[in-house]
Amino acid sequence: MAAIQIPKRWLLPNSQGTPEGVFLNRRQVLRSLGYSSLGLVLGANTGCDLDLGGFRHRRRTAGALGRRFRDRFPARRNLDFGIGDRSLTPEEVSSSTNNFYEFSTNKGAVWELAQGYPVDPWVVEVGGLVHQPRTLNLEDLFRRFPLEERLYRFRCVERWAMQVPWTGFPLARLIDELKPLASARYVRFVSVHDPDRMPGQGNTYYPWPYYEALRLDEARHDLAFVVLGVYGHALPMQHGAPWRVICPWKYGYKSPKSIVRIEFTEHQPPTFWNDLQPSEYGFFSNVNPDKPHPRWSQAREEDIGTLEKRPTLLYNGYAEQVGHLYGGQEV
Ligand SMILES: Nc1nc2c(c(=O)[nH]1)N[C@H]1C(S)=C(S)[C@@H](COP(=O)(O)O)O[C@H]1N2
Ligand SMILES: [Mo]
């Protein structure tokens, strides 16, 4: 049934800019090609892909760990976490629209470049202000804690949004297990550094490896989630296999992928996007419709599945749960 397949990567130039720069450039390119400005992501990445039920889809969504840990999926859905009246984003959309600059700044190109990336074995170093520095392996991550599925809203600072079923366990569980010292006030995550296999890391404009951090009370909040899977199976590489963190009330860049180091610190650690553009990306980066990005409004967002445009929600709709963390400040 494949009729016309536009080679997606040819539509869009790689950009050296910020993620937002890419978003806006793509919009302009697509517009000039006759796409609606709303169709930017979907039109570029899935609208032309007519083999959704077939081989290409299975290859794109397969867990990066192969058959290992397949007994851990699917996990039971925790119904305390819902997405209101929004619809779940189709997997063919979220699995083909990714920000993972280690592979490419082109959202539609990431999944294919990430195919076959080796994630087994995987070692996570734990250090800084902990009782005992140690390492974690895949068994520790996949077998130590009960897994559950949660539907979360997700909002990128570039204004696109989605709703996805993540599988994992609360980050608080992992933090408790690692026993940070009483003096620890922040937790820092470092993503994998592998320029030989990650073409995007050849771009030395960026301070690789990717690094992010949360204040410890944020990280211990029940919504902060260690993610091992999506749509009922282990993570495909483009979503940050073998594990990542998801912090759904913050802009997407606060949810680091493919983590190899966890560190507890007393002082606020530097973060990747804040180091690159401090005037545009704060440390907290909570979703806030009333706080415009210096280059655009954040009042509205676009759903990459339905292409609906709608108002942005304070804390991405999680204000009741997380508002108290900030006491009306720091948003
Ligand atoms: N290591 C790493 N983590 C990352 C990124 C990245 O480029 N590298 N991009 C971030 C951004 S900007 C977003 S919006 C989300 C995208 O997650 P997804 O591709 O799984 O939807 O991952 C975040 N985590
Ligand atoms: Mo993002």
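A short tour of the structure in this document, coming up. (Residues numbered from 1 in each chain as written. Chains lettered and ligands numbered in written order. Predicted model: local features only at pLDDT ≥ 70, side-chain atom pairs only at ≥ 80, totals over all residues. Heavy atoms only, no water.)

Here we look at the overall build of the chain
Moving on, step 1. On a plain count of helices and strands, the chain comes out with 11 helices and 12 strands.
Moving on, step 2. Looking at the chain residue by residue over its 331 residues, the buried ones come to 60%.
Moving on, step 3. Within the chain, contacts between residues separated by at least 24 positions form 74% of all contacts whose residues are at least 6 apart in sequence.
Moving on, step 4. As displayed, the chain offers around 13,600 Å² of accessible surface, 52% of which is attributable to carbon and sulfur atoms. (Helix = DSSP H or I, 4+ residues; strand = E, 2+ residues; numbered from the N terminus. Buried < 20%, exposed > 50% of the residue type's maximum accessible area, 1.4 Å probe, protein only. Contact = heavy atoms within 4.5 Å. Areas by Shrake-Rupley, 256 points an atom, 1.4 Å probe, with all protein chains shown as cover.)

Concerning the site of ligand 1
Moving on, step 1. Taken together, 19 residues lie around ligand 1, and Tyr101, Glu102, His239, Arg244 and Lys257 are the ones closest in.
Moving on, step 2. The backbone of Tyr101 places a nitrogen or oxygen atom 2.8 Å from an oxygen atom of ligand 1.
Moving on, step 3. Within the side chain of His239, an N or O atom sits 2.6 Å from an oxygen atom of ligand 1.
Moving on, step 4. Against a free-state accessible area of 530 Å², the protein chains account for coverage of 99% of ligand 1.
Moving on, step 5. Per-class residue counts for the shell around ligand 1 are 9 nonpolar, 7 polar and 3 charged. (Near = heavy atom within 4 Å. Polar contact = N/O pair within 3.5 Å; in protein donor to acceptor, adjacent residues only side chain to side chain. Nonpolar A, V, L, I, M, F, W, Y, C, P; charged D, E, K, R; others polar.)

Quick word on the pairing of strand β5 (residues 186–191)
Moving on, step 1. In terms of residue burial, β5 counts as a mostly covered element, since 6 of its 6 residues are buried.
Moving on, step 2. What you see with β5 is no split at all: Tyr186, Arg188 and Val190 on one side and Val187, Phe189 and Ser191 on the other are buried throughout.
Moving on, step 3. Summarising the sheet, β5 and strand β6 (residues 211–215) pair through 5 bridges and their orientation is antiparallel. Among the inter-strand pairings, Arg188 is bridged to a residue of β6, identified as Ala213. (Pairing = 2+ DSSP bridges.)

Looking at the sheet that holds β5
Neighbouring strands of a sheet are bound in pairs by backbone hydrogen bonds; such pairs are parallel or else antiparallel.
Moving on, step 1. The strand order across the open sheet formed by 5 strands is β2-β1-β10-β5-β6, and the pairing between neighbours is mixed. Each having just a single partner strand, β2 (134–136) and β6 make up the two edges of the open sheet. Between one strand and the next, the sheet's axes are offset by a mean angle of 20°, whatever the strand orientation.
Moving on, step 2. Where β5 and strand β10 (residues 259–265) come together, 6 bridges link them in antiparallel fashion. Among the inter-strand pairings, Phe189 is bridged to a residue of β10, identified as Ile262. (Axes fitted to C-alpha atoms, helices over the stretch in contact; angles between N-to-C directions.)

A short note on the pattern of salt bridges
Moving on, step 1. Per the stated rule, a full pass over the model turns up 25 salt bridges.
Moving on, step 2. Among the ionic pairs, Arg68 bridges to Glu139, the shortest N-O distance being 3.1 Å. Residue Arg68 is found in the loop between α4 (55–61) and α5 (91–94), and its partner Glu139 is found in helix α7 (residues 138–143); the two are separated by 71 residues along the sequence.
Moving on, step 3. You can call Arg68 partly exposed: its relative accessible area is 31%. (Salt bridge = Lys/Arg side-chain N within 4 Å of Asp/Glu carboxyl O.)

Section: unusual backbone geometry
Moving on, step 1. Going from Phe73 to Pro74, the amide bond is cis rather than trans, its omega being -10°.
Moving on, step 2. Checked against the element boundaries, Pro74 lands in the loop between α4 and α5.
Moving on, step 3. Residue Trp208 is joined to Pro209 through a cis peptide bond whose omega torsion reads -5°.
Moving on, step 4. Secondary-structure assignment places Pro209 in the loop between β5 and β6.
Moving on, step 5. For Arg159, which is not glycine, the phi torsion reads 95° and is therefore positive.
Moving on, step 6. Position of Arg159 among the secondary structure elements: in the loop between β3 (148–155) and β4 (160–170).
Moving on, step 7. Within the chain, Leu307 stands out as a residue other than glycine whose phi angle is a positive 65°.
Moving on, step 8. Its location among the elements puts Leu307 in the loop between β11 (300–303) and β12 (309–311).
Moving on, step 9. Note on Leu307: relative accessible area 25%, which makes it partly exposed.

Function cannot be inferred from these measures alone, as they are strictly geometric.
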